[in-house]
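Architecture and fold: a report
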Amino acid sequence: MKIELTQEQLRWKSEFKEFVDQEIVPYADINDREEKIAPEIIKKLKERGYLGSMLPKEYGGMGLDWITIGILNEETGRGCSSVRSLLTVHGMVALAILRRGNDEQKNGLLPGMASGEIIGAFALTEPEVGSDAKSVKSTGVLSDDCYVLNGHKKWTTMGQIADIFLVFAQCEGKPTAFLVEKDTLGFSRMPITGLLGARASMIAELRLDNCRIPKDNVIGRVGTGLSHVALNCLDYGRYTVACGCVGLAQACLEQSVRYARKRKQFGTALREYQLIQKMITEMTVNVKAARLLYYHSGYLKDVMDPDSIIETWTAKYFSSIMVNKVANYAVQIHGANGCCRDYPVERYMRDARVNEIIEGTTQMHEGLISLNAFRNI
């Protein structure tokens, strides 16, 4: 079996790389320091249509195949993890509406989400509920022709700027997905700052105090919020995070190679030392392995193979661990400079750490992957 990108995928890869190098990389450090994505970057993402990369053309999206979506997220992750997180959570909400929404929801929201005029955010996690998603404490109660929502959400990526929120709450004792617009009476959000990594992800804490939303704002049916909505969203999230990890690790590798070429110790360039060569070798091989894992996962999604789900778990698990190892090596190669904000590897290491937590922790993935192995071997 020969694994290679098509000419069309290679063309997209070249376009994405050029865009990231010109429009994202120069502002990544500013994003990190100011803890927000520069508005100019979001504007450029809209103009390119990248916020609709996961949506079909009938709704104004790009209609990209899954491997190409992966390449977009890899290249974006190479430039700025926080910008990649925008693609991830916005896509999670858009795909939830596409797959489980009714015609009115699709026609009313998806064209705006494809153009980026409507930004989506995924509100599942709560102060006391993270991995145990089925145990959310927020509630939704039917009252006449409305649902009344009450609850408290935390760590909502892009929550500071989102226009529409996919909120998960207990309805009739079962997890249910609701759409909540930012201007809904009783809805409020507060920025969360000072994070370890991905600081420009514009994360927010949400409050829902007797928020009345139309009855038709349910996505899917009552009780299917976790099984039919959230899990599909998280599958997309895990896939794009895996791709973003590959991009971030690639950035670590490139910076390390450049540094090892020019930096001298004891009159010799770092690249000449075998232990530095060993680290560069491990970084190179790990990045290539992780990239092949997401290519494989993306291919299975394109052919609608159900094994794509477990292969996405595998890709996310390996990639998130891999990027932390690679980022650690990058800082080590840079020495004291690697601990200084004057060099991007300091940011890379902080950003890398976040990826073993978001979209399912490393430990959750170990449980899922091992369970699948025990069932099938």
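An account of the accompanying structure is given in this report. For every chain, the first residue of the written sequence is number 1, and numbering continues from 1 onward in sequence order. It should be noted that, the model being predicted, local features are given only for residues of pLDDT at least 70 and side-chain atom pairs only at 80 or more, the latter also being counted only at that level, while totals for whole chains, interfaces and linings use all residues. Neither water nor hydrogens contribute to the side-chain values; these are computed over all heavy atoms in the structure.

1. A short note on the pattern of salt bridges
Our working definition: A pairing counts as a salt bridge when a side-chain nitrogen of Lys or Arg comes within 4 Å of a carboxyl oxygen of Asp or Glu. Where helices and strands are cited, they refer to DSSP runs of H or I of at least four residues and of E of at least two residues respectively, numbered from the N terminus. For the exposure calls, accessible area comes from a 1.4 Å probe over protein chains only, and a residue counts as buried if that area is under 20% of its type's maximum, exposed if over 50%, partly exposed in between.
Evaluated as defined, the whole model comprises 23 salt bridges. In this structure, Glu126 and Lys153 form a salt bridge, with 2.9 Å as the shortest nitrogen-oxygen distance. Within this pair, whereas Glu126 is found in the loop between strand 1 (120-123) and strand 2 (139-143), its partner Lys153 is found in strand 3 (residues 146-156), the two being separated by 27 residues in sequence. In this structure, Glu126 and Lys153 share a single accessibility class: buried. Between Glu128 and Lys137 there is a salt bridge, with the nearest N and O atoms lying 2.7 Å from each other. Comparing Glu128 with Lys137, the two get one shared label, exposed. Here the salt bridges do not stand alone but share partners, grouping Lys13, Lys17, Asp21, Glu75 and Arg78 into one network.

2. Brief notes about a negative patch on the surface
Inclusion rule: Patch building starts from residues that exceed 30% relative accessible area and form no salt bridge, then joins like charges within 9 Å and nonpolar side chains (Val, Leu, Ile, Met, Phe, Trp, Tyr) within 5 Å. Using a 1.4 Å probe, the Shrake-Rupley method yields the accessible areas, and only the shown protein chains count as cover for residues. Counted as positive: Lys and Arg. Counted as negative: Asp and Glu. His and the chain ends are not counted at all. By convention, the charge on Lys lies at NZ, on Arg at CZ, on Asp at CG and on Glu at CD.
On the surface, a cluster of negative charge is contributed by Glu104, Asp144, Asp145 and Asp216. The topology assignment puts Asp216 in the loop between strand 7 (204-214) and strand 8 (218-219).

3. A word on the pairing of strand 3
Cut-off, in case you're wondering: Pairing between two strands is assigned when DSSP locates at least 2 bridges connecting them.
The sheet contact formed by strand 2 and strand 3 spans 5 bridges and is antiparallel. Note on strand 3: the bridge partner recorded for Leu142 is Tyr147. Where strand 2 folds back onto strand 3 in an antiparallel hairpin, the turn is made up of 2 residues, including Asp144, whose phi is positive at roughly 60°. Sheet topology note: the strand 3/strand 7 ladder contains 8 bridges and is antiparallel. Counted as the bridge partner of Gly151 is Leu208 from strand 7.

4. A look at unusual backbone geometry
Backbone geometry at Glu172 places phi at a positive 55°, although glycine is not the residue there. Secondary-structure assignment places Glu172 in the loop between strand 4 (164-171) and strand 5 (174-181). Glu172 gets classed as exposed once you look at its relative accessible area, which sits at 62%. One non-glycine residue, Glu359, lies in the positive phi region at around 55°. Along the chain, the position of Glu359 falls in the loop between helix 10 (345-354) and helix 11 (362-376).

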